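# Fold and geometry: a report
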Amino acid sequence: MIQVSVDGASRSIEADQRPTHLFSDNKEVVVCRINGVLKDLWTDLQEGDVVESILINSPDGLFVLRHSTAHVMAQAVQEVFADTKLGIGPPIKDGFYYDFDPKTPFNPDDLTKIESVMRKIVKDGQRFRRRVVTEKEALAELSHEPYKCELIGIKGPAGEEASVEVGGAELSIYDNLGRDGNPVWADLCRGPHLPSTKHIPAFKLMRSAAAYWRGSEKNPMLQRIYGTAWPSQDELNAHLELLAEAEKRDHRRLGTELDLFSFPEEIGSGLAVFHPKGGIIRRAMEDYSRKRHEEEDYEFVYSPHLTKAALFEKSGHLDWYSEGMYPPMIMDEELHADGTIKKPGQQYYMKPMNCPFHNLIFQARQRSYRELPLRLFEFGTVYRYEKSGVLHGITRARGFTQDDAHIYCTKEQMADELDSLLTFVLNLLRDYGLNDFYLELSTKNPEKFVGEDSDWQEATETLRKAAVAQKLELVLDEGGAAFYGPKISVQAKDAIGRTWQMSTIQVDFQLPQRFELEYSAADGSRQRPVMIHRALFGSIERFFGVLTEHYSGAFPPWLAPVQAVGIPVAEAFADYLADVIKQMKKAGIRAELDASDDRMQKKVRNAQMQKVPFMVIAGEEDMAAGAVSFRYRNGEQKNGIPIAQAIAEIQKTVAERTQV
RNA sequence: GCCUCUCUAGCUCAGUGGUAGAGCAGCGCACUUGUAAUGCGCAGGUCGUCAGUUCAAUCCUGACGGGGGGCUCCA
């Protein structure tokens, strides 16, 4: 008999009792902590051990569930495709993946096959048995698994991507034991695992894709299969529904359905055109942003989309950003008959950033400290040659417009400026309907930076203070800053909980130097200003896409392309309603009359699918009363509203930017 | 950029080695009095582009282009 502590209670148990016996009455317990370390339920117990049960639906439990499911998948893959080599297979958010090197890449039918073999393995109830091995034994046993052998070679304290395979003090192999107790499959793994495969309640393979071995472009491509695993079928279903919901509100789909924008092939990938309805939304977004920037004392500037190379040589972009730029256009070059250059041409580039132009505006004349902070704002359209594989609708494009501003201020003004800027940013985002934020502070990368340590420290500290003052969660992105200065970014969560990086606020130590920016201080000396880059939407297109998904296309009235659509109950009331719509238009409401031959039910359906916030309906009763009826997008209705009151209600929601 | 899947009418998608179909949208006509699809008819595609294989290609192969999912990167 030995004494152990089980979930806080001291117990004396037989020495051969294991946690799986102690918790046998609760099927939800799938793993445990022994003396604070996550362990299998089959682990031998020692005198004095402190054992805590871990439920399957806890973060640790889910981690183990998903990791074990990844193992089952690997086993199934090797059963179906015997020659497949194993990479790594960690748990991730909502699921897991496993990387394989198969003879031929997987196709969707293969996933179905693999999944059905997995179900068989789960039904089999194979036990996961841990076995500690030496490096030599592991290399011998896994000689046919080159990737695993490589991992054994790099086994270290915290090899991150390899941490579920190796890592920790010892190497271990997990055997899957069949019904007869004999091993049927084995994998190098640190563990821990579920007691047996039958503890996997619900899973599904999602997709196959490629991934570089150990995440580097230089390494070979492996085939990755993603899956998801949950403590119950209901939770799996809920997860699948969430994915379906995300797909329904995908801005690329809604962009077509609501006729907002498109990507004509003739223009090129990543280059969008906005249709009239998308144009209205975009203009409403820009107009409000412009108004708020005016109130915050920004000055509006414009700059061309093209520039000679000299500007980006001066800014340094051609040194460190040329890969992200479209290649130059060469103008006025003259050649000899043999093709050699007689007169070199002038190189012009599309601009990937606006800052150098704003610096030239700053420099256009002598600046005084009295002008600072000087805030130059531009809806600046930039072009970046993004790798084709990263393009994603309007949120990741090759041509886009930043709501870009550069603030030039004194060192002493920096703290106040950053503080008020952050408040401005967050309030503006809230005005657009986003309410759930956290902040990320990216600090110096000690390997790659320009500027003085003391400046970095001061700027980082100032950013941190500004962030803390917002009382939002602050995440540290250690070493994540660009080489020219620290930054804060605002991460916003949308209506279904996804996180988007929105605004960035970045201190720059490099450009003021490269451009030799100066102002005259009160004492007559020349001083270098501090430069702050900031974009609130990031890009208008991206923000447009995020809002589209956030609202699922049902924009609040102030952004909706059509705010009200008039639907007569029958043709006889069309004239009456036409007059009402006319009054609404006169009152500044984007209203239309549906005068088509469709029946009213069909018109309601059309307006519903176009997600129009106000359906203005009129029939006999309304006409007699000089009123209209509203139908809202949620199906609710309000009848007999006097015309003036109806107009006032719409105007109010628009003015207050509320959702209906 | 890399891996993989994919491209048929404006949209969503069937389909076949012998040059094509549906629903919705569009157009026309008729119909239509209370909150998510009235009926009938018409029109619409050199099946992404270019090559190759074949007696014959939308279908098979290749290259290129567009799109999706990932990796890597990022506003």
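Residues numbered from 1 in each chain as written. Chains lettered and ligands numbered in written order. Predicted model: local features only at pLDDT ≥ 70, side-chain atom pairs only at ≥ 80, totals over all residues. Heavy atoms only, no water.

### Looking at the protein's contact with RNA strand B
- Among the 52 residues in the neighbourhood of RNA strand B, the closest are listed as Arg-207, Tyr-212, Glu-571, Arg-605 and Arg-631.
- Among the atoms of RNA strand B close to the protein, meaning within 4 Å, 49% are from sugar or phosphate groups.
- Every element with two or more residues in the surface near RNA strand B is listed here: β12 (202-212), β13 (221-230), α17 (600-609), α18 (620-625), β34 (627-632) and β35 (637-642).
- Residues that form the surface near RNA strand B fall into these classes: 16 nonpolar, 16 polar and 20 charged. (Near = heavy atom within 4 Å. Helix = DSSP H or I, 4+ residues; strand = E, 2+ residues; numbered from the N terminus. Nonpolar A, V, L, I, M, F, W, Y, C, P; charged D, E, K, R; others polar.)

### Focus: the sheet that holds strand β3 (residues 29-34)
- A sheet is described by the order of its strands in space; here five strands give the open sequence β2-β1-β5-β3-β4, paired in mixed fashion. Every other strand in the sheet has two partners, leaving β2 (9-13) and β4 (37-39) as the edge strands with one partner each. Neighbour-to-neighbour, the strand axes of the sheet open up by a mean angle of 35°, direction not taken into account.
- The pairing of strand β1 (residues 2-6) with strand β5 (residues 50-55) spans two bridges and is parallel. When the bridges of β5 are listed, Ser-5 appears paired with Val-50. (Pairing = 2+ DSSP bridges. Axes fitted to C-alpha atoms, helices over the stretch in contact; angles between N-to-C directions.)

### Remarks on the pattern of salt bridges
- Summed over the entire model, instances satisfying the criterion amount to 40 salt bridges.
- We note a salt bridge from Glu-245 to Lys-248, for which the minimum N-O separation is 3.6 Å. With a gap of three residues between them, Glu-245 and Lys-248 both fall in helix α6 (residues 233-248), about one helical turn apart.
- Judged by relative accessible area, Glu-245 falls into the partly exposed class, the value being 23%.
- One salt bridge in this structure joins Asp-287 and Arg-290, with 3.2 Å as the shortest N-O distance. Here Asp-287 pairs with Arg-290, and both are found in helix α8 (residues 276-295), just three residues apart, close to one helical turn.
- What emerges from the salt-bridge pattern is a single network uniting Arg-129, Arg-131, Glu-141 and Asp-175. (Salt bridge = Lys/Arg side-chain N within 4 Å of Asp/Glu carboxyl O. Buried < 20%, exposed > 50% of the residue type's maximum accessible area, 1.4 Å probe, protein only.)

### Brief notes about the sheet that holds strand β33 (residues 614-618)
- The five strands are arranged β32-β31-β33-β34-β35 in an open sheet whose pairing can be described as mixed. Where the open sheet ends on each side, the last strands, each with one partner, are β32 (591-593) and β35. When strand polarity is set aside, the average angle formed by the axes of neighbouring strands in this sheet is 25°.
- For β33 and β34, the ladder comprises four bridges, and the chain directions are antiparallel. In the strand pairing of β34, Phe-614 is matched with Tyr-632.
- The strands touched by helix α16 (residues 574-586) are β31 (564-568), β32, β33 and β34; relative to β32, the strand with the most contacts, the crossing angle is about 165°.
- Helix-sheet contacts for helix α19 (residues 643-655) involve β31, β33, β34 and β35, and the interaxial angle to β35 is about 120°. (Contact = heavy atoms within 4.5 Å.)

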